[in-house]
Amino acid sequence: MKKLALLATTAAFVGLSAIAQAAPTTIITWAQNATGNTITANSIGGLTTTLTGTDVAITISGYAGAAPTPITAYLNLSASSTGNAVSVFGTDILQPFAGSFTITSGLGGTGTNYLSGTFADIALAGSRLGGPDGGFQASLVATDPPGSVTFTSSLIPASSLGDPSSIGFTFTALSQALSICGSTICHFTASVSGNASASEVAVPAPAGLALLGLGLFGLAAVRRQVAA
């Protein structure tokens, strides 16, 4: 009985391994066109910070979809802090964020959807705003896992937008040194660039599916025998 259970579990594990996903690849890179700051971080009552960028004109320099680069597009970004800002070792500031973005051919998120999505953190290991304390550059980075990142696109197939995935925004030319007001990051404006990566959703091989089915069948048989 134990041997049968071990064989069934092994077969199920091998079958699941055959459904593993590919390593992530970069699907888009972009940077704003304006020379001035386009992103605003607003500290609200010393308790929370919002990040916004509305119809920011950008140029897509790298793209995995069926469109030649460079591509002129518009970025919309909306995010809010989901936890307190903390100083790490007295040199860095970290704060978790969650939000959404669109990169489209038209204003207001209209037209061709080059890439849009949502992001959320799990503790401080997910999306976070970080930068040198007293410095003038910061990054908002969300990864899945351990955080949550979802992508949609009119030109990149859904099979190329799987996890592991990540979205990153780099903020430069901050209007003031990154610092904490109350329990949240203080107001600043910044310029923006960014990139995103995702993974191909692997198609399970017939042999892998067969092993998975055999393993699950074996486990069910073992459970029936134990119940009897």
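Notes on the structure in this doc start here. What you see is a predicted model; the values in this text were computed from it and never measured. (Residues numbered from 1 in each chain as written. Predicted model: local features only at pLDDT ≥ 70, side-chain atom pairs only at ≥ 80, totals over all residues. Heavy atoms only, no water.)

1. Let's talk about the environment of Val 201
For Val 201, the position within the fold is in the loop between strand E14 (188-199) and helix H2 (206-227). Sequence spacing of Val 201 and Gly 162 is 39 residues, and the spatial spacing of their C-alpha atoms is 5.6 Å. (Helix = DSSP H or I, 4+ residues; strand = E, 2+ residues; numbered from the N terminus.)

2. Quick notes on the state of the cysteines
Counting across every chain of the model gives one disulfide. Sulfur-sulfur distance for the disulfide between Cys 181 and Cys 186 comes to 1.9 Å. Every disulfide takes its handedness from the sign of the S-S torsion; for Cys 181 and Cys 186 that torsion is 110°, giving right-handed. The exposure class of Cys 181 is partly exposed, given its relative accessible area of 32%. A relative accessible area of 6% places Cys 186 in the buried class. (Disulfide = S-S within 2.5 Å. Buried < 20%, exposed > 50% of the residue type's maximum accessible area, 1.4 Å probe, protein only.)

3. Focus: the pairing of strand E6 (residues 92-104)
Two elements, strand E4 (residues 71-81) and E6, share eight bridges in a ladder whose sense is antiparallel. Bridge assignment links Ser 80 to a residue of E6, and that residue is Ala 98. Note: strand E5 (residues 86-88) against E6, three bridges, orientation antiparallel. Note on E6: the bridge partner recorded for Val 88 is Asp 92. Between E5 and E6, which follow one another and run antiparallel, lie three residues, and Phe 89 among them has a positive phi close to 55°. Pairing geometry for E6 and strand E7 (residues 113-120), over six bridges, is antiparallel. Paired with Ile 103 across the strands is Leu 115, a residue of E7. (Pairing = 2+ DSSP bridges.)

4. Some points on the packing of aromatic side chains
Scanning the model with the defined rule gives five aromatic pairs in all. Ring centres of Trp 30 and Phe 169 lie 5.7 Å apart, and the angle between their planes is 70°; on these two criteria the pair is classed as edge-to-face. Separated by 139 residues along the polypeptide, Trp 30 in strand E1 (residues 25-32) and Phe 169 in strand E11 (residues 162-172) bring together distant segments of the chain. With relative accessibility at 3%, the residue Trp 30 sits in the buried group. Phe 169 gets classed as buried once you look at its relative accessible area, which sits at 1%. Taking 6.0 Å as the distance between ring centres and 75° as the angle between the ring planes, the aromatic pair formed by Phe 101 and Phe 169 counts as edge-to-face. (Phe/Tyr/Trp six-rings, centres within 6.5 Å; stacked < 30°, edge-to-face > 60°.)

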